[in-house]
Amino acid sequence: MVDLARTFNDLIRLETTLWNAVDARLKETNGLTLARFETMQVLQSDGPCRVLDIAERLNISWGGVSKIVDRVQAAGHCRRDPNPDDARSSLIALTPAGREMTTRAAATLHEELHRRLAANLTPNQLEDLSHTLTQLLAATRRES
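Residues numbered from 1 in each chain as written. Predicted model: local features only at pLDDT ≥ 70, side-chain atom pairs only at ≥ 80, totals over all residues. Heavy atoms only, no water.

## Digging into the pattern of salt bridges
Opposite charge on two side chains permits pairing when their charged atoms draw close. Our working rule: The working definition used for a salt bridge is a side-chain nitrogen of Lys or Arg within 4 Å of a carboxyl oxygen of Asp or Glu. Under the DSSP-based scheme used, a helix requires at least four consecutive residues in state H or I and a strand at least two consecutive residues in state E, with every element numbered from the N terminus. Think of it in three bands: residues with accessible area under 20% of the maximum for their type are buried, residues over 50% are exposed, and the middle band is partly exposed, with areas taken using a 1.4 Å probe on protein chains only.
Following the criterion strictly, the structure yields 12 salt bridges and no others. Here Asp 10 and Arg 6 are joined by a salt bridge, their closest N and O atoms 3.8 Å apart. Taken together, the residues Asp 10 and Arg 6, both in helix 1 (residues 4-30) and four residues apart, mark about one turn of the helix. Assessed through its relative accessible area of 56%, Arg 6 is described here as exposed. The salt bridge involving Arg 116 is made with Glu 112; its shortest N-O contact spans 2.7 Å. Placement of the pair is Arg 116 and Glu 112 together in helix 5 (residues 96-116), with a separation of four residues, close to one helical turn. A relative accessible area of 32% means that Arg 116 is categorised as partly exposed.

Set out below in structure tokens:
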């Protein structure tokens, strides 16, 4: 029988280890934290959006995202424009420098994940892991 507590602990330790490794590599290579990169990825894929939209996509707090966006903006990687549909919020969009940085950082992310995941699993194992994590995340979100 599977020890669910151990599985949980292993999953958390793996997430922490991967986060720290990718964060360190992004800082070293691109001068960018993983939190900023994730925010920039949302902006690149979704186009201009509100802080709330980013928070929902990343499953983190509105306040946390607001601070990250402040830092991304200070670095010249995004801008805030008035939201024509809601004067209480802004629409955040990547600048050209932000799009370029996101593309470079995505290559760094891919290299580090390949080194840490793909190089240690068969293609079938990697596919199974991806499917399982997607399935569990969806189930957990439904239960929240």
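## Section: the side chain of Thr 108
Threshold: Polar contacts, as used here, are pairs of N or O atoms within 3.5 Å; protein pairs need one atom able to donate a hydrogen and one able to accept it. Residues neighboring in sequence count only if both atoms are side-chain atoms. Contacts are assigned to residue pairs that have any heavy atoms within 4.5 Å of one another.
Residue position: Thr 108 is located in helix 5. A distance of 2.9 Å separates a polar atom in the side chain of Thr 108 from a polar atom in the side chain of Asn 30. Excluding residues within four positions of it along the chain, Thr 108 makes contact with Arg 25, Leu 26, Thr 29 and Asn 30.

## Comments concerning the layout of surface pockets
For clarity, the cut-off: Grid points spaced at 1 Å over the protein atoms alone were grouped into cavities, where a 1.4 Å probe fits but cannot get out, and pockets, open sets with protein on both sides within 12 Å along at least five of seven lines, with lining residues defined by an atom within 4 Å of a point. Grid points are joined across faces, edges and corners, and a volume is the space filled by probe spheres set on the points. Classes in brief: Ala, Val, Leu, Ile, Met, Phe, Trp, Tyr, Cys and Pro nonpolar; Asp, Glu, Lys and Arg charged; the others, Gly included, polar.
Quantified by volume, the largest pocket comes out at close to 1600 Å³. Lining the largest pocket are 31 residues, and of these Leu 11, Glu 15, Glu 38, Leu 133 and Leu 137 sit closest to its centre. Mapped by element, the contributors of at least two residues to the lining of the largest pocket are helix 1, helix 2 (34-46), helix 3 (51-58), helix 5 and helix 6 (123-143). Tallied by class, the residues present in the lining of the largest pocket amount to 19 nonpolar, eight polar and four charged.

## Side note on the packing of helix 2 against helix 3
Selection criterion: The axes are straight lines fitted to the C-alpha atoms, using for helices just the contacting stretch, and the angles between their N-to-C directions are given from 0 to 180°. Here the word oblique covers every angle except those under 35 degrees (roughly parallel), over 145 (roughly antiparallel) and from 65 to 115 (roughly perpendicular). Helix crossings get a hand from a simple test, with the near helix turned counterclockwise from the far one by less than a right angle marking a left-handed crossing and a clockwise turn marking a right-handed one.
Packing of helix 2 against helix 3 brings their axes to within 10 Å, and their N-to-C directions diverge by 110 degrees. Viewed along their axes, helix 2 and helix 3 adopt a mutual orientation that is roughly perpendicular. Crossing geometry of helix 2 relative to helix 3 is assigned as right-handed. Taking contact as the criterion, the partners of Glu 38, Thr 39, Val 42, Leu 43, Ser 45 and Asp 46 in helix 2 are, on helix 3, Ile 54, Arg 57 and Leu 58. Partitioned by chemical class, the residues of the contact of helix 2 with helix 3 number four nonpolar, two polar and three charged.

## Quick word on helix 5
Put simply, the rule is: Between the first and last residue of a helix there are one fewer steps than residues, each counted as 1.5 Å, and that sum is the expected span. The arc in question is the one traced by the directions running from the helix axis out to the C-beta atoms.
Given a rise of 1.5 Å per residue, 21 residues ought to cover 30 Å, and the 30 Å separating the end C-alpha atoms of helix 5 matches this to within 8%. Along helix 5, the residues that are buried comprise Gly 98, Met 101, Thr 102, Ala 105, Thr 108, Leu 109 and Glu 112. Along the long axis of helix 5, the arc covered by the buried residues comes to 130 degrees, so they all point the same way. Exposed residues on helix 5 whose side chains face more than 90 degrees from its buried face are Pro 96 and His 110. Packing partners of the buried residues in helix 5 comprise helix 1, helix 2 and strand 2 (90-94).

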